[in-house]
Amino acid sequence: MRDAMSVLIRPVVSEKTYALMDKGTYVFVVDPRSTKVDVRNASSGPSREGHECQHSQRKGKSTRNRRTGVVGMKPNTKRAIVTLRAGDTINLFEN
């Protein structure tokens, strides 16, 4: 079993994901080598069982420097969408 900090890299922060958090759905950028089982174990706590996990691979966009014309690429990312049961939450932004 892998460490939770090595599987879940960071939460995705956007208006859409904030709206999903109210419904019990959380979006994370995860390690590209992680599996659904790794993400499920990393996002679950002792009181959370039976939640759903989905993956998506996002291809990096191509970029271009306007001044020099150099073409590059943004990195590919893997995202996990974790849906918890009603009443369960993940405290992401606590100090």
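Everything below is about the structure shown above.
Because the structure is predicted, anything quoted here is derived from the model rather than measured. (Residues numbered from 1 in each chain as written. Predicted model: local features only at pLDDT ≥ 70, side-chain atom pairs only at ≥ 80, totals over all residues. Heavy atoms only, no water.)

(A) Region of the structure containing the overall build of the protein chain. Regarding its fold elements, the protein chain presents three helices and six strands. Its helices and strands in sequence order give the protein chain the pattern α-β-α-β-α-β-β-β-β, from N to C terminus. Pairs at least 24 residues apart make up 56% of the contacts formed inside the protein chain by residues separated by at least 6 positions. Surface accessibility of the protein chain: about 7,000 Å² in total, with carbon and sulfur atoms responsible for 50%. (Helix = DSSP H or I, 4+ residues; strand = E, 2+ residues; numbered from the N terminus. Contact = heavy atoms within 4.5 Å. Areas by Shrake-Rupley, 256 points an atom, 1.4 Å probe, with all protein chains shown as cover.)

(B) Looking closely at the nonpolar core. With 13 residues, the main nonpolar core has Leu 8, Tyr 26, Phe 28, Val 30 and Val 39 as its most contacted residues. Sorting the residues of this core by element identifies strand S2 (25-30), helix H3 (36-43) and strand S6 (77-83) as the ones contributing at least two each. In this view, Val 30 contacts Val 7, Leu 8, Ile 9, Val 39, Lys 78, Arg 79 and Ala 80; residues no more than four positions away in its chain are not counted. (Core = buried A, V, L, I, M, F, W, Y, C linked by side-chain atoms within 4.5 Å. Buried < 20%, exposed > 50% of the residue type's maximum accessible area, 1.4 Å probe, protein only.)

(C) Representation of the environment of Lys 78. With respect to the element layout, Lys 78 can be found in strand S6. For Lys 78, a relative accessible area of 8% puts it in the buried group. In contact with Lys 78, not counting residues within four places along its chain, are Phe 28, Val 29, Val 30, Asp 31, Pro 32, Ser 34, His 55, Ser 56 and Gln 57. In terms of polar contacts, Lys 78 uses its side chain to reach the backbone carbonyl oxygen of Ser 34, at 2.7 Å. (Polar contact = N/O pair within 3.5 Å; in protein donor to acceptor, adjacent residues only side chain to side chain.)

(D) Expanded view of the pairing of S2. Among the six residues that make up S2, six are buried, leaving the element largely enclosed by the rest of the structure. Side chains of S2 alternate between two faces, with Thr 25, Val 27 and Val 29 and Tyr 26, Phe 28 and Val 30 buried alike. Judged from the three bridges that link them, strand S1 (residues 8-11) and S2 form a sheet pairing that is antiparallel. Looking at S2, one finds that Pro 11 is bridged to Phe 28. (Pairing = 2+ DSSP bridges.)

(E) A look at the side chain of Asp 31. In this structure, Asp 31 sits in the loop between S2 and H3. You can call Asp 31 buried: its relative accessible area is 8%. Setting aside chain neighbours within four positions, we find Asp 31 in contact with Arg 2, Ser 6, Val 7, Ile 9 and Lys 78.

(F) Main features of the sheet that holds S6. Strand order across the open sheet formed by four strands is S1-S2-S6-S3, with antiparallel pairing between neighbours. The sheet terminates laterally at S1 and strand S3 (52-58), the two strands that pair on one side only. Taken over all neighbouring pairs, the strand axes of this sheet differ in orientation by 30° on average, direction set aside. Running at roughly 125° to S3, H3 makes contact with S1, S2, S3 and S6 of the sheet. (Axes fitted to C-alpha atoms, helices over the stretch in contact; angles between N-to-C directions.)

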